[in-house]
Amino acid sequence: MTIYRLVKVASTVAILGLAPQIQAHEGEDHGAVATTTSATPAMDHSAMAGTTSTDGTTVGSDPLLLENITKNVKSGAISGGVGINYVGKFIYDNKMTKFDMAKGLFGTDLTVINQPNGFPGFAGDKHASEAITIPPLRSMSWNNTQSNPDDPTTTDLAKGFGSGVHSQWYLVDLSKLSSGKYYVSIKLERYDDGQAVEVIPATATTAEQTLPSDDDLVPAITVFDGYQNRGISGTWFPNQFQTTTTPFWAEMLKPESVLLGANSAKAGFDTAFGASANDRAQVSGVIKLDSAGKVAKTNRYLTIAIGGDDRTTKHDVNYQLTVKVHSCVGAPCGSN
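Residues numbered from 1 in each chain as written. Predicted model: local features only at pLDDT ≥ 70, side-chain atom pairs only at ≥ 80, totals over all residues. Heavy atoms only, no water.

## Describing the overall build of the protein chain
Link 1 in the chain: Counting its regular elements, the protein chain contains one helix and 21 strands.
Link 2 in the chain: Each of the 336 residues in the protein chain was classed as buried or not, and the buried ones make up 43%.
Link 3 in the chain: For the protein chain, contacts bridging at least 24 residues in sequence account for 73% of all contacts bridging at least 6.
Link 4 in the chain: A total accessible area of about 16,400 Å² is found for the protein chain, and carbon and sulfur atoms account for 53% of it. (Helix = DSSP H or I, 4+ residues; strand = E, 2+ residues; numbered from the N terminus. Buried < 20%, exposed > 50% of the residue type's maximum accessible area, 1.4 Å probe, protein only. Contact = heavy atoms within 4.5 Å. Areas by Shrake-Rupley, 256 points an atom, 1.4 Å probe, with all protein chains shown as cover.)

So this is what it looks like as structure tokens:
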């Protein structure tokens, strides 16, 4: 379980940062999985007395600590993670989606970069230790044959599925928006960290090791309608909505049928693999939100799964994820 951390961007958007939790999956090659998170593991409050923490201390022996935890839980200062381990949540409101060319309003772009402070541009953290660290992706995490739920031993790259271990999940929350049509763009790109050569420094017993570049992501993305908040029971996802005999464990997610891939021209997913410039994957289009008086449709929440589609070597890769939403009132949104 992870701890939610609420951070502010431009004072009008909240990105709810959830530190990624690495999950084991039998048979998958985890390689050098990055676990560089600064969030503190959540505790099991149902049976705390006498519990031994990872540093060897006994939690139950500190009444003041128990009192503070109980107080924070009641006040909402600590909130346990639920459902998919979303790395972050983009929350849009009506002000952020206004489109007015005369006033220079074109909707709000929100960007996440994998780095020690993965949500740039906010000052919500009181201490450096509170900054959310976003680890890199894995280069083959969107198309991993070992993630195939029907045949995990296949070597056919056409049968690779998304790896829930090495990909990352984000949530786009549109529930605060008025009814109507909105242009939505979700774009995954390479990110150059400015370091030309990646190395593992030499130690007293090992020589320096040169690593593959981490600036060569072949980005790929899948978008679902819905918000999976009922928990996780699998470590794979359908990257292109393949036919499978194993039902998708995320039963609250449905294939997105409107947002089209820039390279694939298919609804709900895109990959830069095979594209002339294999450095960007993007899905975009116009969605319609029903009135708030009706039962909220699943497209008021969009779940994003991002990963790499390299199909050659497994290594860590940097990324930049950008979400844009603007109202179609007074905007050139097409005929959708």
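## Observations regarding the sheet that holds strand 10 (residues 180-189)
Link 1 in the chain: With respect to topology, five strands assemble into an open sheet ordered 6-21-10-18-16, the strand pairing being antiparallel. Across the chains shown, the open sheet's two edge strands, defined by having one partner strand only, are strand 6 (108-113) and strand 16 (260-261).
Link 2 in the chain: Note that strand 6 and strand 21 (residues 320-327) share six bridges and pair antiparallel. If you follow threonine 111 over to strand 21, its bridge partner there is threonine 322. (Pairing = 2+ DSSP bridges.)

## Focus: the pairing of strand 3 (residues 86-91)
Link 1 in the chain: Counting buried positions along strand 3 yields six of six residues, so the element is predominantly enclosed.
Link 2 in the chain: Summarising the sheet, strand 3 and strand 9 (residues 168-173) pair through five bridges and their orientation is parallel. Considered in strand 9, the bridge of lysine 89 is made with leucine 171.

## Regarding the nonpolar core
Link 1 in the chain: Tyr92, Tyr170, Ile186 and Tyr319 are the most contacted members of the largest nonpolar core, which has 32 residues in total.
Link 2 in the chain: Among the secondary structure elements, those contributing two or more residues to this core are strand 3, strand 6, strand 9, strand 10, strand 13 (219-225), strand 18 (280-289), strand 19 (301-308) and strand 21.
Link 3 in the chain: In this view, tyrosine 170 contacts Tyr86, Val87, Gly88, Phe90, Val112, Ile134, Leu302, Thr303, Ile304, Ile306, Tyr319 and Leu321; residues no more than four positions away in its chain are not counted.
Link 4 in the chain: Grouped together as the second largest cluster of nonpolar side chains are 16 residues, Phe161, Tyr227, Trp236 and Trp249 included. (Core = buried A, V, L, I, M, F, W, Y, C linked by side-chain atoms within 4.5 Å.)

## A short note on the packing of aromatic side chains
Link 1 in the chain: Under the definition given, this model contains 13 aromatic pairs.
Link 2 in the chain: Here tryptophan 169 and phenylalanine 237 contribute two aromatic rings whose centre-to-centre distance is 5.3 Å and whose plane-to-plane angle is 65°, an arrangement assigned as edge-to-face. Here tryptophan 169 is found in strand 9, whereas its partner phenylalanine 237 is found in strand 14 (residues 236-237), with 68 residues between them in sequence.
Link 3 in the chain: Its relative accessible area of 4% is what places tryptophan 169 among the buried residues.
Link 4 in the chain: Note on phenylalanine 224 and phenylalanine 248: the rings are 5.6 Å apart at their centroids and 35° apart in plane angle, and the pair reads as tilted. On the criterion of sequence distance, the pair formed by phenylalanine 224 in strand 13 and phenylalanine 248 in the loop between strand 14 and strand 15 (254-255) is long-range, its members being 24 residues apart.
Link 5 in the chain: Taking relative accessible area as the criterion, phenylalanine 224 reaches 1% and is therefore assigned buried.
Link 6 in the chain: Taken together, the ring pairs connect Phe161, Trp169, Phe224, Trp236, Phe237, Phe241, Phe248 and Trp249 into an aromatic cluster.
Link 7 in the chain: If you follow arginine 311 out to its NZ or CZ, it ends over the ring of phenylalanine 273, 3.8 Å from the centre. (Phe/Tyr/Trp six-rings, centres within 6.5 Å; stacked < 30°, edge-to-face > 60°. Lys NZ or Arg CZ within 6 Å of the ring centre and 35° of its normal.)

## Quick look at the pattern of salt bridges
Link 1 in the chain: Overall, the coordinates contain three salt bridges when judged by the stated rule.
Link 2 in the chain: The salt bridge partner of aspartate 316 is arginine 138, with a shortest N-O separation of 3.2 Å. Residue aspartate 316 is located in strand 20 (residues 316-317), and its partner arginine 138 is located in strand 7 (residues 137-138); the two are separated by 178 residues in the primary sequence.
Link 3 in the chain: The exposure class of arginine 138 is buried, given its relative accessible area of 8%.
Link 4 in the chain: For the salt bridge of aspartate 309 with arginine 311, the shortest nitrogen-to-oxygen distance reads 2.8 Å. (Salt bridge = Lys/Arg side-chain N within 4 Å of Asp/Glu carboxyl O.)

## Some remarks on the confidence of the model for the protein chain
Link 1 in the chain: Looking at the protein chain as a whole, the pLDDT averages 74, with 67% of positions reaching at least 70.
Link 2 in the chain: Low pLDDT, under 50, characterises residues 1-61; the stretch is placed with 144 contacts to residues that sit more than four places away or in other chains. (pLDDT = per-residue confidence, 0-100.)

## Looking at unusual backbone geometry
Link 1 in the chain: With a phi close to 60°, phenylalanine 241 is a non-glycine residue in the positive phi region.
Link 2 in the chain: Taking relative accessible area as the criterion, phenylalanine 241 reaches 24% and is therefore assigned partly exposed.
Link 3 in the chain: The backbone of alanine 265 shows a phi angle near 60°, a positive value even though the residue is not glycine.

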